[in-house]
Amino acid sequence: ELWIQLANNNKITGNIFWSSAEGPLLQSDKAADGNQLDNNIYYSEAGRDDAYFNWRDNEADGFDAYLRISKQDAHSKFERPNLTVPVAEAAPSGR
């Protein structure tokens, strides 16, 4: 989840944002101005059409509605990220 409160003129790129079915994926307060978001991956357990976004006091249900309202994230995707847990290498035994 991403919550932008008083941050202005930032570039937010190359991130993965994940939320539960009940939580907002992105909330950007009205005071947050001039921020640029692109090339991010969004995923909500609510699904693409029901994910909740709030862009500067404009509510959007679904990723496509968020894109229309915000005019942000032109190259971003809504997809379940393929995350893996790295396996630690075994420490040498000293033998």
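Before reading on, note that the structure itself is shown above.
Residues numbered from 1 in each chain as written. Predicted model: local features only at pLDDT ≥ 70, side-chain atom pairs only at ≥ 80, totals over all residues. Heavy atoms only, no water.

Taken in spatial order, the three strands make up an open sheet running S3-S6-S9, and their pairing is parallel. The open sheet has two edge strands, strand S3 (16-19) and strand S9 (77-78), and neither has a second partner. Where S3 lies against strand S6 (residues 41-44), four bridges are found, and the strand directions are parallel. The partner of Phe 17 across the bridge, within S6, is Tyr 42. (Pairing = 2+ DSSP bridges. Helix = DSSP H or I, 4+ residues; strand = E, 2+ residues; numbered from the N terminus.)

Let us look at the side chain of Asp 73. Mapped onto the elements, Asp 73 comes out in the loop between helix H1 (63-70) and S9. An unpaired buried charge is present at Asp 73: no salt bridge exists, and Arg 48, the closest side chain of opposite charge, is 11 Å distant. Within the structure, Asp 73 has its side chain in polar contact with the backbone nitrogen of Asp 38 (distance 3.4 Å). Beyond its immediate stretch of four places on either side in the chain, Asp 73 contacts Leu 37, Asp 38, Asn 39, Asn 40, Tyr 42, Tyr 66 and Leu 67. (Buried < 20%, exposed > 50% of the residue type's maximum accessible area, 1.4 Å probe, protein only. Lys, Arg positive; Asp, Glu negative; His and termini not counted. Salt bridge = Lys/Arg side-chain N within 4 Å of Asp/Glu carboxyl O. Polar contact = N/O pair within 3.5 Å; in protein donor to acceptor, adjacent residues only side chain to side chain. Contact = heavy atoms within 4.5 Å.)

A word on the packing of aromatic side chains. Working definition: an aromatic ring pair is given by the centre-to-centre distance plus the angle between the planes. As enumerated under the stated definition, the model contains 11 aromatic pairs in all. Centre to centre, the rings of Tyr 43 and Phe 78 are 5.9 Å apart; their planes meet at 40 degrees, and the pair counts as tilted. Taken together, the residues Tyr 43 in strand S6 and Phe 78 in strand S9 connect sequence positions 35 residues apart. Both residues of the pair, Tyr 43 and Phe 78, count as buried. Ring geometry for Phe 63 and Tyr 66: centres 6.2 Å apart, planes at 35 degrees, overall tilted. (Phe/Tyr/Trp six-rings, centres within 6.5 Å; stacked < 30°, edge-to-face > 60°.)

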